[in-house]
Amino acid sequence: RINKFPYVIDYLRKRLSDINHQYTTEIKDIYLTIDFNTQVLAKKELVQGANNVVYTDKNDFNGALITIKHETGEIIALVGGLDRKKSQFNRIFQMKRQIGSTIKPFIYLCALENNIKKSQPLINVPIRFYYQSESKKQVWIPRNIVPQFAKYTTFEQALIHSHNIATVELALNK
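These notes cover the structure that comes with them. (Residues numbered from 1 in each chain as written. Predicted model: local features only at pLDDT ≥ 70, side-chain atom pairs only at ≥ 80, totals over all residues. Heavy atoms only, no water.)

### Topic: the pattern of salt bridges
Threshold: Each reported salt bridge corresponds to a side-chain nitrogen of Lys or Arg within 4 Å of a carboxyl oxygen of Asp or Glu. Under the DSSP-based scheme used, a helix requires at least four consecutive residues in state H or I and a strand at least two consecutive residues in state E, with every element numbered from the N terminus. Accessibility here uses a 1.4 Å probe with only protein chains present; expressed as a share of the type maximum, an area under 20% marks a residue as buried, one over 50% as exposed, and anything in between as partly exposed.
With the rule as written, the count across this model stands at 2 salt bridges. Aspartate 10 serves as the salt-bridge partner of arginine 84, at 2.5 Å between the closest nitrogen and oxygen. Remark: aspartate 10 occurs in helix 1 (residues 6–22) and arginine 84 occurs in the loop between strand 2 (74–79) and helix 3 (99–113); sequence separation between them is 74 residues. Given a relative accessible area of 24%, arginine 84 falls into the partly exposed group. Lysine 69 is the salt-bridge partner of glutamate 74, the closest N and O atoms lying 3.7 Å from each other. Glutamate 74 sits in the partly exposed class, given a relative accessible area of 29%. Lysine 69 sits in the partly exposed class, given a relative accessible area of 36%.

### Let's talk about the packing of aromatic side chains
Here is the rule we go by: Stacked, tilted and edge-to-face are the three classes assigned to paired rings of Phe, Tyr and Trp, where Trp is represented by its six-membered ring and a pair needs centres within 6.5 Å; plane angles under 30 degrees give stacked, over 60 edge-to-face, the rest tilted. In this scheme, Lys NZ or Arg CZ marks a charge over a ring once it lies within 6 Å of the ring centre and within 35 degrees of the ring normal.
A full pass over the atoms with the stated rule returns 4 aromatic pairs. Ring geometry for tyrosine 11 against phenylalanine 93: centres 4.5 Å apart, planes inclined by 15 degrees, an arrangement best described as stacked. Here phenylalanine 93 lies in the loop between strand 2 and helix 3 and tyrosine 11 lies in helix 1, a separation of 82 residues in the sequence. Over the ring of tyrosine 130 we find lysine 137, and its NZ or CZ is 5.1 Å from the ring centre.

### Considerations on a nonpolar patch on the surface
Quick note on the threshold: The patches described consist of residues with a relative accessible area above 30% and no salt bridge, like charges being joined within 9 Å and nonpolar side chains (Val, Leu, Ile, Met, Phe, Trp, Tyr) within 5 Å. Accessibility throughout is a Shrake-Rupley quantity obtained with a 1.4 Å probe, and a residue counts as covered only by protein chains that appear here.
A cluster of nonpolar side chains, Ile99, Ile103, Phe106 and Leu109, forms an exposed patch at the surface whose accessible area comes to about 400 Å². Here phenylalanine 106 lies in helix 3. On the basis of relative accessible area, phenylalanine 106 is assigned to the exposed category, the value being 53%.

Here it is as structure tokens:
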């Protein structure tokens, strides 16, 4: 069973290494919060989802999935990538993400909780934000992954295609 969860084992080794540097006493017991059935399902769903994605270079494509019990913060399932044999890089703990990638699901969740319709039009044209940083004026221009601009898109299309500009407009105006 343990070989089925290589990213969990990597994470455990890292945590134990960190703990050994902090404490001088011997560790006798280790309790994991990983749920076997949820872990198996998470791996299956990640691979199945990746197989359904249309992508030009499948060798360059990857993903990760973590399931956390929100009441306690316990990790129930952890899949750091599609295939540990091809890449030991754990996309959950080692990946650096821009803030937009992290908060975008919450922006869409808030909109859905406020009964936004999937046909709701959203502005999808370039916008600039100016701010002050260390005594100099800076500019931030959100960009879409695919730099094609239709003046408007719908909530549904913005969500499906991960339109950053429309997401910013949604967060600011809805």
